[in-house]
Amino acid sequence: MDIKQQTMDLIDNLKAICHNYGLGNDGNEYKVIVQVFLYKFLNDKFGYELKKISPVIASAKKWDEAYTAMPEDERMDLLDSLSPDVLRLNPEHLISFLWNQQQKGDFDVIFDSTMVDIADKNISIFSTQTANNTKIPLFEKLTNYVTDDSQRAQFARALVDKLAKFSFEDAFGESYDFFATVFEYLIKDYNTNGGGVYAEYYTPHFIAVIMAKLLVGKDTDLHNIECYDPAAGTGTLLMAIGHQVGEDKCTIFAQDRSQKSNKMLKLNLILNGLVSSLDHAIQGDTLTNPYHMSDDGTNLRQFDYVVCNPPFKLDFSETRESLAAMGTRFWAGVPSVPGKKKESMAIYTCFVQHFINSIKSTGKGAIVVPTGFLTAKNGIEKKIREYLVEKKMLMGVVSMPSNIFANTGTNVSVVFVDKANKYDDVVLMDASKLGEIVKEGKNQKTVLRQEEIDQIIETFINREMKDDFSVLVSYDALKEKGCSFSAGQYFEVKIEYVDITEEEFIKQMDGYMTSLSERFREGAELEKRILEQMGGLKF
């Protein structure tokens, strides 16, 4: 069995344990799964890195036993030699140590204390924080989520038992695609806050890849790049752009108000070797309290690449007035509070403005919007489109197929912005007819095939025009059509002309006349019968 399937089996086994102890579909299940999975990953990564610098540990039958048997001063020297992005573990933190403690009656206390101790000792590197600078530790107590006290020790034993029987070692040579697939599999059951509240906790992997590849394009001379997502969710978009740029060439910046997203984002960053960016993963409201500011604290910080898949609609009536007071920042306006259905407030229009403001003058960005944004005839949406056209910073737009997200039927498009744009026209693409329908649970969703993903990327980057698929449109043409970003409005309507002889023309006209005469005759007969039947009716 390959390592990917083994990893997925581990996830399934951990979820089964949660279900057996009453945590299935509980709001805390994801906390257990994410943390335990991460603990196992970091435990094995620690051993993997020790082997690289210690011949004694590398040649040992069991690395954890060799590490535990070392004199303390030798262990300290080893820890000092490790890269800062490797978690520091004492012998009593290792899974093998916990395994040997299982028979103790208070094993749940031992397990929880171990989690908290690991988090405390590594808090300087392995923590995220809130917008108010409160540190969020890597791990927390878990067994307290099992309501029945008498079951907690057994719950902890079951978790450790599964962890001890698996090894990540074969996965450390794998690339971004492996961890992206595993991550998507791990969080799929917790991606439930969909629809109008949070459109997605993660963006489908293939959309993230398309956005990243179109943004980076053919540019390979990249150094010290800063990537940002103001509605980061689980960080799928950031991982894709980070991978496209090169994990060793970029720093990730993120903000999202969801605690749940922050935990998953933390896991995603660590799995993808972006530990140094943990400190920039902020939990907090981006619109009311943006954390990433300029050095003097007076303006928003600006980045080389900005990506975003914001919530589309949300009730933010409580903070609406404070946003509306920031006229410079929200230059196109802030949606009013409706009398009914406050949850329908188009909060994404605020995120689009924040997104544009956060791009450097030499930077690029891509944001997911509802397709209705492309053609809205008035309001904030149209003002934003006019702004992008007036500033000539629109790079292009790709309209995606319906049901790209399994849990929302909203059609989506991706708007690409390039503030250093050098072209006089933009690429508008209608990819809505691509993809195949697949079933996911009770829902259906559309998935793009690899050749279709390649088609979108190559056509966009090479700025090709293809019938009923892509078109290059000048800024003047955009203005003439009310700054509509819908590709279909600019496709050329083609009429095919066929040369025919006089004889062929006469023959075709005779056919039309004969057919028309027949229709007239049938109509006259029908009229006659109706009048006869009407005349026969009696009171």
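What counts, and at which threshold
Residues numbered from 1 in each chain as written. Predicted model: local features only at pLDDT ≥ 70, side-chain atom pairs only at ≥ 80, totals over all residues. Heavy atoms only, no water. Helix = DSSP H or I, 4+ residues; strand = E, 2+ residues; numbered from the N terminus. Buried < 20%, exposed > 50% of the residue type's maximum accessible area, 1.4 Å probe, protein only. Contact = heavy atoms within 4.5 Å. Patch = residues over 30% accessible without salt bridge, like charges linked within 9 Å, V, L, I, M, F, W, Y side chains within 5 Å. Areas by Shrake-Rupley, 256 points an atom, 1.4 Å probe, with all protein chains shown as cover. Salt bridge = Lys/Arg side-chain N within 4 Å of Asp/Glu carboxyl O. Lys, Arg positive; Asp, Glu negative; His and termini not counted. Charge placed at Lys NZ, Arg CZ, Asp CG, Glu CD. Phe/Tyr/Trp six-rings, centres within 6.5 Å; stacked < 30°, edge-to-face > 60°. Lys NZ or Arg CZ within 6 Å of the ring centre and 35° of its normal. Pairing = 2+ DSSP bridges. Axes fitted to C-alpha atoms, helices over the stretch in contact; angles between N-to-C directions. Core = buried A, V, L, I, M, F, W, Y, C linked by side-chain atoms within 4.5 Å. pLDDT = per-residue confidence, 0-100. Parallel < 35°, antiparallel > 145°, perpendicular 65-115°, else oblique. Left-handed = near helix turned anticlockwise from the far one by under 90°. Nonpolar A, V, L, I, M, F, W, Y, C, P; charged D, E, K, R; others polar.

Looking up the chain in an unreviewed UniProt entry gives the name SAM-dependent DNA methyltransferase, with the organism given as Aristaeella hokkaidonensis.

(A) Inspection of the overall build of the chain at higher detail. Looking only at helices and strands, the chain features 18 helices and 13 strands. For the chain, the spread of C-alpha atoms along the principal axes amounts to about 105 × 65 × 55 Å. Taking all 539 residues of the chain together, 51% fall into the buried category. In the chain, 74% of the contacts between residues at least 6 apart in sequence involve partners at least 24 apart.

(B) The arrangement of a negative patch on the surface in detail. A contiguous patch of negative charge on the surface is contributed by Glu72, Asp73, Glu74, Asp77 and Asp80. Residue classification places Glu72 among the exposed positions, given a relative accessible area of 53%.

(C) Representation of the packing of aromatic side chains within the structure. For the structure on display, the rule yields 17 aromatic pairs. Taking the centre distance of 6.2 Å and the plane angle of 70 degrees together, the rings of Phe46 and Trp63 count as edge-to-face. Here Phe46 is found in helix α2 (residues 29–53), whereas its partner Trp63 is found in helix α4 (residues 63–69), with 17 residues between them in sequence. Note on accessibility: Phe46 and Trp63 belong to one class, buried. Put simply, the rings of Phe37, Phe41, Tyr48, Phe166, Phe168, Phe172, Phe178 and Phe179 pair up and form one aromatic cluster. Here the guanidinium or amino end of Arg385 rests over the ring plane of Phe485, the centre of that ring lying 5.8 Å away. Directly above the aromatic system of Tyr423 lies the positively charged group of Arg463, at a separation of 3.6 Å from the ring centroid.

(D) Summary view of the sheet that holds strand β9 (residues 412–418). Pairing within the open sheet is mixed, and its 11 strands lie in the order β2-β1-β5-β4-β3-β6-β7-β9-β8-β10-β13. On the outer flanks of this sheet lie β2 (135–136) and β13 (470–474), each paired with one strand and no other. In this structure, strand β3 (residues 225–229) lies alongside strand β6 (residues 303–308), joined through 2 bridges in parallel fashion. Each residue of the ladder has a partner; that of Tyr228, found in β6, is Val306. Helix α14 (residues 348–357) contacts β3, β6, β7 (359–370) and β9 of the sheet and is inclined by roughly 160 degrees relative to β7. The sheet contacts of helix α16 (residues 450–461) involve β8 (394–399), β9, β10 (425–430) and β13, and relative to β8 the element is tilted by about 155 degrees.

(E) Seen up close, the nonpolar core. Formed by 169 residues in total, the largest nonpolar core has its most connected members in Phe46, Ile241, Val415, Phe416 and Leu478. By residue number, the principal contributor to this core is α2, which donates 12 residues. Setting aside residues no more than four positions away along its own chain, Phe416 makes contact with Met211, Leu214, Leu215, Gly365, Ala366, Met393, Leu394, Met395, Gly396, Val398 and Phe460.

(F) Molecular detail of the confidence of the model for the chain. Scored by pLDDT, the chain comes out at a mean of 91, with 96% of its residues at no less than 70. Segment residues 193–200 is flagged for pLDDT under 50; beyond a separation of four residues in sequence, or across chains, it makes 23 contacts in the model.

(G) Examining unusual backbone geometry more closely. Backbone geometry at Lys341 places phi at a positive 50 degrees, although glycine is not the residue there. You can see Lys341 is positioned in the loop between α13 (320–324) and α14.

(H) Focus on the packing of helix α10 (residues 205–216) against α16. Closest axis-to-axis distance for the α10/α16 pair is 10 Å, and the angle between their directions is 20 degrees. In this view, α10 runs roughly parallel relative to α16, as classed from their interaxial angle. Here the hand of the crossing between α10 and α16 comes out right-handed. Note on element contacts: α16 touches α10 through Ile453, Ile456, Ile457, Phe460 and Ile461, opposite Phe206, Ile210, Lys213 and Leu214.

(I) Quick look at a nonpolar patch on the surface. A cluster of nonpolar residues, Val498, Ile500, Phe505, Ile506, Met509 and Tyr512, forms a patch on the protein surface that exposes about 600 Å² of accessible area. Relative to the helices and strands, Tyr512 is located in helix α18 (residues 502–535).

(J) Highlighting the packing of α2 against helix α12 (residues 259–271). Running from amino to carboxyl end, α2 crosses α12 at an angle of 20 degrees, the nearest separation of the two axes being 11 Å. Considering the angle they form, α2 stands roughly parallel to α12. Between α2 and α12 the crossing geometry is left-handed. In contact with Tyr30, Lys31, Val34, Phe37, Leu38, Phe41 and Leu42 of α2, α12 contributes Gln259, Lys260, Lys263, Met264, Leu267, Ile270 and Leu271. Per-class residue counts for the contact of α2 with α12 are 10 nonpolar, 1 polar and 3 charged.

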